[in-house]
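Structural characterization, general
This is what each chain is made of:
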Amino acid sequence: MNNNIVLSMRGINKTFPGVKALQNVDFTLRKGEIHALMGENGAGKSTLVKVLTGVYQKDSGYISLDGNDKEVSIKSPQDAQNAGISTVYQEITLCPNLTVAENMFIGRGSYTFINWRAQEKRAGEILKKLKIPTTATRQLGTCSLAVQQMVAIARAVDMECKVLILDEPTSSLDENEVLLLFTLMRDLKKRGVSIIFITHFLEQVYEVCDRITVLRNGELVGEYEIKDLPRIELISKMIGKKFDGISELQKEKQIHIDDAVPCVYEAEDLASAEGTKPFNFEIRKGEINGFTGLLGSGRSECVRAIFGADRITGGRIKINGKQVKITKPKDAMENGIGYLPEDRKLDGIVADLSVRENIILALQVMRGFFKPFSKAEAEEFADKYIKLLGIKTASRDTPIKSLSGGNQQKAILARWLLTNPQYLILDEPTRGIDVGTKFEIQKLVLKLAEAGVSVTFISSEIDEMLNTCSRLIVMRDRKIVGEMKGDEMTQSNIMHTIAGEAAQNG
């Protein structure tokens, strides 16, 4: 018996039709540690967590808790919860029509004897302790995505868990909320709670974690102490080859587009019903620019206005120097604009349609649904982009909802590339996807720009913006507060501009 080991998984195997999701995987979690589970999309991270939490049943292998040799049986999420294992998944699974308090306590007792007043009081105490900016009686669906995520974490923390699994918990949080979460994670660690942390943000792993376990293609690559695994080695282990992606990108990065190059899109005093302050914007042929700022700064609202996805309340637009009217997405599409939205689940994929049907969707909208493509044409389009973007799918007819997040993102990107856009808007195209795919998408963006496509690129990761864009527009409180290019584009300048301060010299 090892009193330091909280969880031991040995020789875990899980197969789905045609896919070996986990092959003889081991995982060890120690008391009071924050342990990163890393790997590309499809590496097996989520499957391993779902086996641990009883969502999936393992084909073979052994799970034990608290350093005992005795195998535990976890056949349902309730079994996991009873064993002290709590999970917060990447996709929020709470009920938006219920209050915050109801969401925090749902499924945790008999409805016959619920004392709602006591639960609301208890929920309010937890929210206050964790500094979550909402009230216990507020309907969850009226809260921001970030607050909903934090309520899900608060619910898990309150279950007196021994093992807390956080699956991409920071993907919807801004910088301050991430710091708040990290403070909470460190406090839980001091109290002896063990945390499995799944994220695609490398800097977060190195900021808060003690150990890393790396999976690739459903197999264990290894377990490492954080101090023994430099970032570039982690990337190499995740993708299975030596790959200095950042230096490759910097070699390929385009030179700043000269002002003499014609504008593809120009907006003057553009405003939308979503509270965007009137703004001026232009992008030149072959340019990659980006909107940067904290969560809620108005980045997404600006590009949704450009695409006509939100109701336009004012402004003038020119395409290739000619004034046009864009009031809805179809207008933008007919003017050669493509838009990959921030929330691929809500606004991107059509979950029940196949990969093929999702890829041809935008082109079919432009052509009209009364003029459908033949099956042969649709298959040719799909096969071309599945191959070009390396979309991992059993077939073109596989439902897109069964693909990993990164492959869903590639399919939506394929949808817009098929329309042959002159201007492509990519809002968080690499959020929640693996490191290797991130670099593939960034390199593809650079190649598109070389071919003359104009690209607006938005990412929560400033390093990614600096590696990809030649001009950055900085936002705060739904308005543009700065613009920089060339040597002005540094992380320090961006953060000081967001904060409304002058950058300090030295």
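**What to know about the overall build of the protein**
From N to C terminus, the protein includes 18 helices and 19 strands. For the protein, whose C-alpha radius of gyration is 24 Å, the value lies close to the compact-globule estimate of 23 Å for 506 residues. Along the three orthogonal principal directions, the C-alpha set of the protein runs to about 75 × 55 × 50 Å. A burial count over the protein gives 53% of its 506 residues as buried. For the protein, the proportion of contacts with a sequence separation of at least 24, taken over those separated by at least 6, is 66%.

**Considering the side chain of Arg471**
Here Arg471 lies in strand E18 (residues 471–476). A relative accessible area of 6% means that Arg471 is categorised as buried. At a separation of 2.6 Å, a polar atom in the side chain of Arg471 contacts the side chain of Glu287. Only 3.1 Å separates the side chain of Arg471 from the side chain of Glu483, close enough to count as a polar contact.

**Let's talk about the pattern of salt bridges**
Here the structure, examined in full by the defined rule, presents 23 salt bridges. Between Lys162 and Asp66 there is a salt bridge, and its shortest N-O distance comes to 3.0 Å. In this pair, Lys162 sits in the loop between helix H5 (145–157) and strand E6 (163–167) while Asp66 sits in the loop between strand E4 (60–65) and helix H2 (77–82), placing the two residues 96 residues apart along the sequence. Between Arg396 and Asp383 there is a salt bridge, and its shortest N-O distance comes to 2.8 Å. You can see Arg396 sitting in the loop between helix H14 (375–389) and helix H15 (405–417) and its partner Asp383 sitting in helix H14, a full 13 residues away along the chain. Note on Arg396: relative accessible area 23%, which makes it partly exposed. When its relative accessible area of 34% is taken as the criterion, Asp383 is described as partly exposed. Salt bridges sharing common partners tie together Arg30, Glu33, Arg211 and Glu223.

**Looking at the packing of aromatic side chains**
Evaluated as defined, the whole model comprises eight aromatic pairs. Here Phe16 and Tyr56 contribute two aromatic rings whose centre-to-centre distance is 5.0 Å and whose plane-to-plane angle is 70 degrees, an arrangement assigned as edge-to-face. Taken together, the residues span a long stretch of sequence, with Phe16 in strand E1 (residues 5–16) and Tyr56 in the loop between helix H1 (45–52) and E4 at a distance of 40 residues. Phe16 sits in the partly exposed class, given a relative accessible area of 26%. The class for Tyr56 is partly exposed, based on a relative accessible area of 25%. For the ring pair Phe373 and Phe381, a centre distance of 5.4 Å and an interplane angle of 85 degrees mean the geometry is edge-to-face. Given the relative accessible area of 14%, Phe373 is considered buried.

**Some words on the sheet that holds strand E2 (residues 19–30)**
Judged by pairing direction, the sheet is antiparallel, and its three strands sit side by side in the order E2-E1-E4 without closing on themselves. Edge positions in the sheet fall to E2 and E4, since each has one partner strand and no second. The average angle at which neighbouring strand axes cross in this sheet is 10 degrees, direction not considered. On the sheet, H1 packs against E1, E2 and E4 and is oriented at approximately 115 degrees with respect to E1.

**Re the side chain of Thr456**
Tracing the backbone through its elements, the reader meets Thr456 in strand E17 (residues 454–458). With residues near it in sequence (within four places) discarded, Thr456 still touches Phe281, Ile283, Asn289, Phe291, Val303, Tyr423, Leu424, Ile425 and Leu426.

**A word on the environment of Val453**
By secondary structure assignment, the location of Val453 is in the loop between helix H16 (435–450) and E17. You can call Val453 buried: its relative accessible area is 12%. Between the alpha carbons of Val453 and Ile288 there is a distance of 8.7 Å; along the sequence they are 165 residues apart. Not counting residues up to four positions away in its chain, the partners in contact with Val453 are Gly286, Glu287, Pro421, Gln422, Tyr423, Leu424 and Leu448.

**Comments concerning helix H6 (residues 175–190)**
An ideal rise of 1.5 Å per residue puts 22 Å on 16 residues; H6 measures up with 23 Å between its terminal C-alpha atoms. Residues of H6 that are buried: Glu177, Val178, Leu181, Phe182, Leu184, Met185 and Leu188. Looking straight down H6, one finds that the buried residues subtend no more than 160 degrees of arc, so they occupy a single side. Opposite the packed face of H6, turned more than 90 degrees from it, sit the exposed residues Asn176 and Lys190. Buried residues along H6 sit against strand E3 (34–38), H5, E6, strand E7 (194–198) and helix H7 (202–208). A positive phi of about 95 degrees marks Gly192, the residue just after H6.

Calculation criteria
- Residues numbered from 1 in each chain as written.
- Predicted model: local features only at pLDDT ≥ 70, side-chain atom pairs only at ≥ 80, totals over all residues.
- Heavy atoms only, no water.
- Helix = DSSP H or I, 4+ residues; strand = E, 2+ residues; numbered from the N terminus.
- Rg over C-alpha atoms; globule rule 2.2 N^0.38 Å.
- Buried < 20%, exposed > 50% of the residue type's maximum accessible area, 1.4 Å probe, protein only.
- Contact = heavy atoms within 4.5 Å.
- Polar contact = N/O pair within 3.5 Å; in protein donor to acceptor, adjacent residues only side chain to side chain.
- Salt bridge = Lys/Arg side-chain N within 4 Å of Asp/Glu carboxyl O.
- Phe/Tyr/Trp six-rings, centres within 6.5 Å; stacked < 30°, edge-to-face > 60°.
- Pairing = 2+ DSSP bridges.
- Axes fitted to C-alpha atoms, helices over the stretch in contact; angles between N-to-C directions.
- Expected span 1.5 Å × (residues − 1).
- Arc of directions from axis to C-beta.

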